[in-house]
Amino acid sequence: MKLTRRENLALMGAAAVTAAAGTARAEAKTIEVQMLNVHPEEKRERQVFYPAVVRANVGDTIKFISVDKGHNATTHDDMVPDGGETWKSKINDDFEITLTADGTYGYFCTPHQTVGMVGLILVGDAMVNFEDARGVRQRGKAKARYEAYFAEAEEMLAGEA
């Protein structure tokens, strides 16, 4: 069967789109976040995610690694963008989540939230819910750490502009 020039161009365009989509998926990366009892550089900081602030793209996977026992990763439900997935990993288990929605995701370790074991993931257009997430009321050391992490996130995002 012989194709017309128009049909050939249409097929070539479809092939290019398919190839580009495959390339975009291939570029997705896995970002590791360690769950630790002691910060590797700041020995006075205890019960931490490292790194605590992560920059990711839609389609990237965050892998939480249980380096030290007694930790998990759980989304703070009020700190997830519309359309974003929530999660709660099991204590002591490594866990992966692929992020599919732009926004700022706040998360914590269930047994250590009040002692400040919290973190942020900035995905794509993180500003979608950045201020809403920042405004969520926190307690204990989580409040001070989130304030520091949001300041770090602002610097990170400003550096991209």
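Residues numbered from 1 in each chain as written. Predicted model: local features only at pLDDT ≥ 70, side-chain atom pairs only at ≥ 80, totals over all residues. Heavy atoms only, no water.

Regarding the packing of aromatic side chains
Phase 1 of the analysis: If you walk through the whole model with that rule in mind, you get eight aromatic pairs.
Phase 2 of the analysis: With a centroid separation of 6.0 Å and an interplanar angle of 40°, the aromatic rings of F64 and W87 are classed as tilted. A residue pair is termed long-range when its members are at least 10 positions apart, and F64 in strand 4 (residues 61–66) and W87 in the loop between strand 5 (74–75) and strand 6 (95–98) qualify at 23 residues. Neither F64 nor W87 differs from the other in exposure class; each is buried. (Phe/Tyr/Trp six-rings, centres within 6.5 Å; stacked < 30°, edge-to-face > 60°. Helix = DSSP H or I, 4+ residues; strand = E, 2+ residues; numbered from the N terminus. Buried < 20%, exposed > 50% of the residue type's maximum accessible area, 1.4 Å probe, protein only.)

Some words on the sheet that holds strand 8 (residues 118–123)
Phase 1 of the analysis: If you trace the four strands from one edge of the open sheet to the other, you get 3-8-7-5, paired in mixed fashion. In this open sheet, the two edge strands, each paired with only one partner strand, are strand 3 (53–56) and strand 5.
Phase 2 of the analysis: Along the sheet face, helix 3 (residues 140–160) touches strand 3, strand 7 (103–108) and strand 8 and points at about 25° away from the line of strand 8. (Pairing = 2+ DSSP bridges. Contact = heavy atoms within 4.5 Å. Axes fitted to C-alpha atoms, helices over the stretch in contact; angles between N-to-C directions.)

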